[in-house]
Amino acid sequence: MIASDIIVALATAPGAAGVAVLRLSGRGCGELLRAHLAPAGPLPERRASLRDFVDSQGQTLDRGLVLYFPAPHSFTGEDVVEFQGHGSPVMMAILLRQLQHSGARLARPGEFSERAFHHGRLDLAQAEAIADLIAAGSEQAARSAMRSLQGEFSRRVASVAQALTTVRVYVEAAIDFSDQDIDFLHSEQLLADLNKLRHLLAETLQEARQGQLLQKGISVVIAGHPNVGKSSLLNALAGDDVAIVSEHAGTTRDILRQNLVLQGMPVQVLDTAGWRESDDPVESEGIRRALLAAEKADALLYLFDTDGDLKDIVADLQARSTWPLDIRRLLLVRNKIDRCPQWQDSFLQIEGQRCEVIGISAKYGQGIEALQDRLAQLVGRTPTELPFLARQRHIEALEQAWQYLEAAQAQLQQGMGDLAAEDLRCMQGSLASLCGEMLPDELLGHIFASFCIGK
Ligand SMILES: Nc1nc2c(ncn2[C@@H]2O[C@H](COP(=O)(O)OP(=O)(O)O)[C@@H](O)[C@H]2O)c(=O)[nH]1
Ligand SMILES: [Mg+2]
């Protein structure tokens, strides 16, 4: 599916700006643009030239720099030409219309990247990294996206695929020689190769999970009874006076959302209405929404401020939440420890699992950093070096590869070489899909359609 018509789009963000860039791609796009330029001479390759963009009467519309990249040495691998004019949305609309009149078509979202992919200029993981770089919500996310764009992720997948090929060659050969006495399927060599493969895949999956946290971020809900200091905690985390703090119970009703960056992860913190019985329909609705948000959160900070028995607090939490408590995403937070200097962080066994209890003073900023660290830990962020950015699609493909590997190993232990070979073949397919090999056009189109126009 290699299209060759000429596409055009504004490569810069819409709106008034110092400069706006129009980009064209497709065979002959240099000629198409040149027909609108004065002076009319040939466009130098890969060097800027100053030209006027003129209308059909020869009147200058805009003046700017033209850059021409003939195929195949361009972003898309096709002829590409750019006009860098003044950042006037009105003028850019006029120029776009003129180019469309001459036969250029408005590019679909992500179509430049899609063409680059089809011409082998980048693989799918790299193309996705461009979109992720543009959308990055933190410095670490942006740096990680850049690593993926430079092929770090693709190279890692390639090394897993290579280790897999070694194993496959061995297993296939073992099947061919299965009538011989030697038990190839249980050989030291194969076990060592399989271990190496497992190790590589596990490492890649782990790093991809870290990258996904940087890409999609997490939601954190602060919940608890009225007046325990939920809004104060939101303010402490935000480092700003975002929410109204008051000694009157039931002040917060609507959900308040604040975006922050925590250890490179985009985090949305939600302050919610305090859980209690209420006759006020507005507050009741707020509480209903608070419970819903708490259920969906990646992490739930359950705040309390009494010295009561922790078990009672958890029992109360369990009674009020309308969904089964998931300890893996729960932090119990004791606020106002400025009033009880003897406080010490501890933990509690809930349903056989360890749940942290952390003390803070939202009002005086005590324990907030430790809480942030625990929160990052809870959602699985390990402060390792920069991971590569990964999407849900990547995690799913890697997890699928892992399942095939597990299945293959189980088959091998049973001496079922044929079935193991088949699992390993499927595993190769999962890995190939990461870089866009063997993906149906429809799925590819879907991925590129989520990019922005002009990219
Ligand atoms: N001593 C003390 N008071 C606090 C602390 N955090 C909040 N408060 C007070 O507790 C009251 C309720 O706080 P607020 O944040 O509005 O609680 P919310 O209803 O849970 O949102 C206010 O009077 C706060 O000043 C704290 O860490 N120490
Ligand atoms: Mg509040």
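Computed from a prediction, not measured in an experiment: that's the story for all the values here.

A. Layout of the overall build of the protein. A count of helical and extended segments in the protein gives 14 helices and 14 strands. Among the 455 residues that make up the protein, the fraction classed as buried is 40%.

B. Main features of the site of ligand 1. In the vicinity of ligand 1 lie 21 residues, with Gly229, Lys230, Ser231, Ser232 and Lys363 positioned nearest. Here the residues of the shell around ligand 1 are counted per class, giving five nonpolar, 10 polar and six charged.

C. Quick peek at the nonpolar core. With 115 residues, the main nonpolar core has Leu24, Val220, Val221, Leu301 and Tyr302 as its most contacted residues. For this core, the leading source of residues is helix H6 (residues 152–176), giving eight residues. Contact partners of Leu24, with chain neighbours within four places excluded, come to Ile6, Ile7, Val8, Cys29, Leu32, Leu33, Val80, Val81, Leu99 and Ala104.

D. Looking closely at the pairing of strand S6 (residues 80–87). Where strand S2 (residues 17–25) lies against S6, eight bridges are found, and the strand directions are antiparallel. Within S6, the residue paired with Ala17 across the bridge is Gly87. Bridging between strand S5 (residues 60–69) and S6 involves five bridges; their strand directions are antiparallel. Along S6, the bridge assignment pairs Tyr68 with Val81.

E. View of the sheet that holds strand S7 (residues 105–106). Taken in spatial order, the seven strands of this open sheet run S3-S4-S5-S6-S2-S1-S7, and their pairing is mixed. Of all strands in the sheet, those with a lone pairing partner are strand S3 (37–38) and S7, marking the two edges.

F. Expanded view of the sheet that holds strand S9 (residues 256–262). In spatial order, the strands read S9-S10-S8-S11-S12-S14-S13; together these seven strands make up an open sheet with mixed pairing. Sheet topology places S9 and strand S13 (346–350) at the edges, where each strand pairs with a single neighbour. When the angles between neighbouring strand axes are averaged without regard to direction, this sheet yields 25 degrees. Two elements, strand S11 (residues 299–304) and strand S12 (residues 330–334), share five bridges in a ladder whose sense is parallel.

G. Quick peek at helix H5 (residues 139–149). Looking at H5, one finds that the buried residues are Gln140, Ala141, Ser144, Ala145, Ser148 and Leu149. At the C-terminal side of H5, Gly151 shows a positive phi close to 95 degrees.

H. Layout of the pairing of strand S4 (residues 49–54). Taken together, the two bridges between S3 and S4 define a ladder with antiparallel strand orientation. Bridging from a neighbouring strand, Leu37 pairs with Phe53 of S4. Of the strand pairs in this sheet, S4 and S5 are connected by six bridges, and their pairing is antiparallel. For Arg51, the partnering residue across the bridge sits in S5 and is Gly64. The turn joining S4 and S5, which pair antiparallel and follow one another in sequence, is formed by five residues; a positive phi near 85 degrees is taken by Gly58.

I. Just the packing of helix H4 (residues 124–135) against H5, in detail. Two numbers describe how H4 lies on H5: the axes approach to 8 Å, and their chain directions differ by 160 degrees. As summarised for this structure, H4 and H5 are arranged roughly antiparallel, according to the angle between their axes. At the point where H4 passes H5, the crossing takes the left-handed sense. The residues of H5 that touch H4, namely those facing Ala125, Gln126, Ala129, Ile130, Asp132 and Leu133, are Ala142, Ala145, Met146, Ser148 and Leu149. Taken together, the residues of the contact of H4 with H5 sort by class into eight nonpolar, two polar and one charged.

J. The arrangement of the domain arrangement of the protein in detail. Each domain of the protein was delimited in the assignment, giving domain 1 (7–122), domain 2 (133–214 + 389–436) and domain 3 (223–297 + 299–378). Between domain 1 and domain 2, the C-alpha centre-to-centre distance is 42 Å.

Analysis parameters
- Residues numbered from 1 in each chain as written.
- Chains lettered and ligands numbered in written order.
- Predicted model: local features only at pLDDT ≥ 70, side-chain atom pairs only at ≥ 80, totals over all residues.
- Helix = DSSP H or I, 4+ residues; strand = E, 2+ residues; numbered from the N terminus.
- Buried ≥ 20, exposed ≤ 12 C-beta atoms within 10 Å, placed from the backbone.
- Near = placed C-beta within 6 Å.
- Nonpolar A, V, L, I, M, F, W, Y, C, P; charged D, E, K, R; others polar.
- Core = buried A, V, L, I, M, F, W, Y, C linked by C-beta atoms within 7 Å.
- Contact = placed C-beta atoms within 7 Å.
- Pairing = 2+ DSSP bridges.
- Axes fitted to C-alpha atoms, helices over the stretch in contact; angles between N-to-C directions.
- Parallel < 35°, antiparallel > 145°, perpendicular 65-115°, else oblique.
- Left-handed = near helix turned anticlockwise from the far one by under 90°.
- Domains from an automatic or database assignment.

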